[in-house]
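# Understanding the architecture of this molecule
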Amino acid sequence: MTAKAISQEERFYQLIDKEEKIEPKDWMPEKYRNTMIRQISQHAHSEVVGMLPEGNWISRAPSLRRKAALLAKIQDEAGHGLYLYSAAETLGADREELIEELHIGKAKYSSIFNYPTLSWADIGAIGWLVDGAAIMNQVMLCRTSYGPYSRAMVRICKEESFHQRQGYDILLTLCNGTKEQKEMAQDALNRWWYPSLMMFGPKDDESVHSDYSIKMKIKRFSNDELRQRFVDATVPQAEYLGLKVPDKNLKFNAKTENYSFTEPDWSEFYNVIKGNGPCNKDRIKTRREAFENGKWVRDAAIAYAEKQKQNNKNGKQ
Amino acid sequence: MRNNKTSYLLHLADNALILSQRLGEWCGHAPILEQDIAITNITLDILGQARYFYQLASRVDKKDKEEDFYAYYRNEREFKNLLLLEQPNGDWSQTLLRQFFYDSYCILLYSELEKSKDKNIAAIASKAIKEVKYHYKYSSEWVIRLGDGTKESNQKLKNSLNYLWDFTGELFEVAEYEKEMIEKGIAPDVSKFKTTWFNNVTEIFNKANIEVPQTTWFQSGGKSGLHTENLGKLLTDLQYMQRTYPNCTW
Ligand SMILES: [Fe+2]
Ligand SMILES: [Fe+2]
């Protein structure tokens, strides 16, 4: 058999079939490129916007040890944002433009961060549930077909598991504490449970991008599959805490070894995505202000670097 | 001796805690993601230093209280931090200039504390000095960058200098509780740092195209518990949980 010259396109689909990674310099269909840029940048925005609800409790963290852990956690999320913006840039996207799209409300980010953190227990709930749901997604993405994204996920996943344990530990401490502390924990679970279920995206039959993503091995499991896994993993953890998952229909099915559960209110989901969540406006406004207020600082840094370059040149002549 | 030493340690701890509380306000709000990470790094180092000093203070104090007691259950008048450190973040230039003043001072202070006759203090200082040297590099570079950046950044730095300078005199004042520490070789005499600190600041300011103010009047009081209005509000935030739900484990 003679080796046949194959087209770039054929090679691309071969790589996908053989479970090999697509790298930045490889040829790829525009649809694949755009899907990747959209997904990675949304993910990056989520990391960065996600710093805000938790940041709300840095100044009020109830112990110095927890304050340090919270700062370190939020700093990790900033790091995740940074990796992911870089991964998006390998596809030819421009970080400033991506950020601009976030600030004008064009780009999406995880809806969960449009809910407020009303008590210290929310910091525990976010670590446990939100980072927990993120892990379900991200463990899958460690095997995604785009190389830089997949590698970023491997690094990020390790830190996310640490965040999840830390969040769970906050709640465990509350649940072993006073009546008021335990109530605080229950209230947090009540408010964060359904928004966490929404993190996996709409139901499979309503998900617009799912099919292509699965075909291109960007995603490995459907939204509903991941949601089910999350519920199955999380319910026993809630029981261990002695907290009640706010779902009357929650039932363990011994045959399938799954929990059946109540779907989140999808009209709320679409409403929050549209911009009507409790904190959408605040979150974007805060990010935009940080960026705008920082403009003179970035300009100064550029101007200074320019001068240094000039001086070095003149020095060498 | 025990009282003076406890007070001195609380002074060092309060400096670090109050500054880290201020710096923590930047997390999520810095001019660019890279700097968000950098400033949070510094926040974490300094918060760590505060915790070491509180832990040591609690051992010296022997009242069977833990680090959090000193951070969360003392009132304004009991805090012994420098006034400079409780001043608001303002813009990036004000935060970095405040940091630069403190870092230049801490390099001198911790290098001396490394030689303290108290081995525990020396151990904390010798760990902290490594961090402080890195912070100094960061803050001094930012002062130069902003001063020698654009017209706008130069002006903003000048405004910050105008606001913060009045609080730098206190760095070199010796509090009552400090005297015994100096006599016993546990703490250095900070009044002797003044010239070195001043020369160093002048050198960096020259590179930053700004001038050292000529004022001779300085605010003081923080080290002995007399603060600006800023501290009370900061503590309200910091201590909210412990005061609202006393005697809980978190
Ligand atoms: Fe993350
Ligand atoms: Fe995380």
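Everything numeric in this text was worked out from a predicted model, so none of it was measured.

### Comments concerning the overall build of chain A
A count of helical and extended segments in chain A gives 13 helices and two strands. Put simply, chain A has 317 residues, and 53% of those count as buried. Counting only contacts in chain A whose residues sit at least 6 apart along the sequence, the fraction spanning at least 24 positions is 77%. As presented, chain A carries roughly 15,300 Å² of accessible surface, and 52% of it is formed by carbon and sulfur atoms.

### Focus on the interface of chain B and chain A
Tallying the contact residues gives 46 residues for chain B and 45 residues for chain A. Summing both partners gives a buried area of about 3,900 Å² for chain B against chain A, and 69% of it is carried by carbon and sulfur. For the chain B face of the interface with chain A, the top three residues by lost area are Pro31, Leu33 and Trp250 of chain B, together amounting to 18%. Inspection of the chain B/chain A interface yields two salt bridges. In this structure, Asp148 of chain B engages Lys307 of chain A in a salt bridge whose closest nitrogen and oxygen atoms are separated by 3.1 Å. Counting the contacts that link chain B with chain A gives 17 residue pairs in polar contact (both at pLDDT 80 or more). Of all the secondary-structure elements, those providing two or more residues to the side of chain B that touches chain A are helix H1 (2-23), helix H2 (33-61), helix H3 (67-72), helix H5 (92-113), helix H6 (119-147), helix H7 (151-164) and helix H10 (229-244) of chain B. With eleven residues, the single largest contributor to the side of chain B that touches chain A is H2 of chain B.

### A look at the packing of aromatic side chains
Overall, the coordinates contain 31 aromatic pairs over all chains when judged by the stated rule. Taken together, a centroid distance of 5.2 Å and an interplanar angle of 75° make the contact between Phe269 of chain A and Tyr270 of chain A edge-to-face. Look at Phe101 of chain B and Trp197 of chain B: their rings are 5.5 Å apart centre to centre, the planes differ by 50°, and that puts the pair in the tilted class. One end of the pair, Phe101 of chain B, is in helix H5; the other, Trp197 of chain B, is in helix H9 (residues 194-207), and 96 residues separate them in sequence. Residue Phe101 of chain B is classed as buried on the basis of its relative accessible area, which comes to 0%. The structure contains a cluster of three or more aromatic residues connected by ring pairs, namely Phe100, Phe101, Tyr105, Tyr136, Trp165, Phe172, Phe193, Trp197, Phe198, Phe205 and Phe218 of chain B. Residue placement shows Arg298 of chain A over the ring face of Phe291 of chain A; its charged tip is 3.8 Å from the ring centre. Just above the ring of Trp296 of chain A sits the side chain of Lys156 of chain B; from NZ or CZ to the centre is 5.2 Å.

### Thoughts on the coordination of the iron ion (ligand 1)
All names here are of chain A. Protein coordination of the iron ion (ligand 1) is provided by Glu47 (OE), Glu77 (OE), His80 (ND1) and Glu160 (OE), with donor distances spanning 2.0 to 2.2 Å. Sequence spacing of the donors to the iron ion (ligand 1): E-x29-E-x2-H-x79-E. Taken as a pair, the iron ion (ligand 1) and the iron ion (ligand 2) lie 3.5 Å from each other and share Glu77 as a ligand. Of the two residues, His80 sits in helix H4 (residues 64-89) while Glu160 sits in helix H7 (residues 147-175), which places them 80 residues apart along the sequence. Grouping residues by exposure puts His80 and Glu160 together as buried.

### A look at the coordination of the iron ion (ligand 2)
All names here are of chain A. Surrounding the iron ion (ligand 2) are the protein donor atoms Glu77 (OE), Asp131 (OD), Glu160 (OE) and His163 (ND1), which sit 1.9 to 2.2 Å from the metal. Considering all four donor atoms around the iron ion (ligand 2), the spread of angles at the metal, 90 to 150°, places the coordination shape in the irregular class. Read in sequence order, the donor residues coordinating the iron ion (ligand 2) give the pattern E-x53-D-x28-E-x2-H. With relative accessibility at 4%, the residue Glu77 sits in the buried group.

### Section: a negative patch on the surface
On the surface, a cluster of negative charge is contributed by Glu89, Asp94, Glu96, Glu97, Glu100 and Glu292 of chain A. Since its relative accessible area comes to 37%, Glu89 of chain A is described here as partly exposed.

### Describing the side chain of Asp26 of chain A
Residue and element names in this part refer to chain A. Tracing the backbone shows Asp26 in the loop between helix H1 (8-17) and helix H2 (30-49). A polar contact is formed between the side chain of Asp26 and the backbone nitrogen of Glu23, at a distance of 2.8 Å. Not counting residues up to four positions away in its chain, the partners in contact with Asp26 are Arg11, Leu15 and Lys21.

### Observations regarding the nonpolar core
By size, the foremost hydrophobic cluster in this structure holds 180 residues, and its most contacted members are Tyr32 of chain A together with Trp92, Phe101 and Tyr110 of chain B. Top contributing element to this core by residue count: H2 of chain B, with 14 residues.

### Digging into the confidence of the model for chain B
Across chain B, the average pLDDT comes to 97, with 100% of residues at 70 or higher. The complex prediction reports pTM at 0.96, with the ipTM value standing at 0.98.

### Here we look at unusual backbone geometry
Of note, the phi angle at Lys217 of chain A is positive, near 55°, even though the residue is not glycine. With relative accessibility at 19%, the residue Lys217 of chain A sits in the buried group. The phi angle at Asn247 of chain B is positive, at roughly 60°, despite the residue not being glycine. When you line up the elements, Asn247 of chain B lands in the segment after H10.

### Points about the pattern of salt bridges
All names here are of chain A. Using the criterion set out here, one finds 32 salt bridges over all chains in the structure. Between Glu19 and Lys217 there is a salt bridge, with the nearest N and O atoms lying 3.1 Å from each other. Separated by 198 residues along the polypeptide, Glu19 in the loop between H1 and H2 and Lys217 in the loop between helix H9 (210-215) and helix H10 (223-241) bring together distant segments of the chain. One salt bridge in this structure joins Glu19 and Arg220, with 3.1 Å as the shortest N-O distance. Of this pair, Glu19 sits in the loop between H1 and H2 while Arg220 sits in the loop between H9 and H10, placing them 201 residues apart in sequence.

### A closer look at the packing of H5 of chain B against H9 of chain B
Between two packed helices, both the angle of their axes relative to each other and the distance between the axes serve to describe the pair. All names here are of chain B. Axis separation between H5 and H9 bottoms out at 10 Å; the angle between their running directions is 140°. Comparing their axes, H9 and H5 come out oblique. The interaxial crossing formed by H5 with H9 has right-handed handedness. Note on element contacts: H9 touches H5 through Thr196, Trp197, Asn200, Val201, Ile204 and Phe205, opposite Leu97, Phe100, Phe101, Ser104, Tyr105 and Leu108. Grouping the amino acids of the contact of H5 with H9 by side-chain chemistry returns nine nonpolar, three polar and no charged.

About the cut-offs
Residues numbered from 1 in each chain as written. Chains lettered and ligands numbered in written order. Predicted model: local features only at pLDDT ≥ 70, side-chain atom pairs only at ≥ 80, totals over all residues. Heavy atoms only, no water. Helix = DSSP H or I, 4+ residues; strand = E, 2+ residues; numbered from the N terminus. Buried < 20%, exposed > 50% of the residue type's maximum accessible area, 1.4 Å probe, protein only. Contact = heavy atoms within 4.5 Å. Areas by Shrake-Rupley, 256 points an atom, 1.4 Å probe, with all protein chains shown as cover. Buried area = accessible area lost by both parts, 1.4 Å probe. Salt bridge = Lys/Arg side-chain N within 4 Å of Asp/Glu carboxyl O. Polar contact = N/O pair within 3.5 Å; in protein donor to acceptor, adjacent residues only side chain to side chain. Phe/Tyr/Trp six-rings, centres within 6.5 Å; stacked < 30°, edge-to-face > 60°. Lys NZ or Arg CZ within 6 Å of the ring centre and 35° of its normal. Donors = N, O, S within 2.8 Å, 3.2 Å for Na, K, Ca; no water. Tetrahedral: all angles 85-135°; square planar, octahedral: opposite > 155°, others 65-115°. Patch = residues over 30% accessible without salt bridge, like charges linked within 9 Å, V, L, I, M, F, W, Y side chains within 5 Å. Lys, Arg positive; Asp, Glu negative; His and termini not counted. Charge placed at Lys NZ, Arg CZ, Asp CG, Glu CD. Core = buried A, V, L, I, M, F, W, Y, C linked by side-chain atoms within 4.5 Å. pLDDT = per-residue confidence, 0-100. Axes fitted to C-alpha atoms, helices over the stretch in contact; angles between N-to-C directions. Parallel < 35°, antiparallel > 145°, perpendicular 65-115°, else oblique. Left-handed = near helix turned anticlockwise from the far one by under 90°. Nonpolar A, V, L, I, M, F, W, Y, C, P; charged D, E, K, R; others polar.

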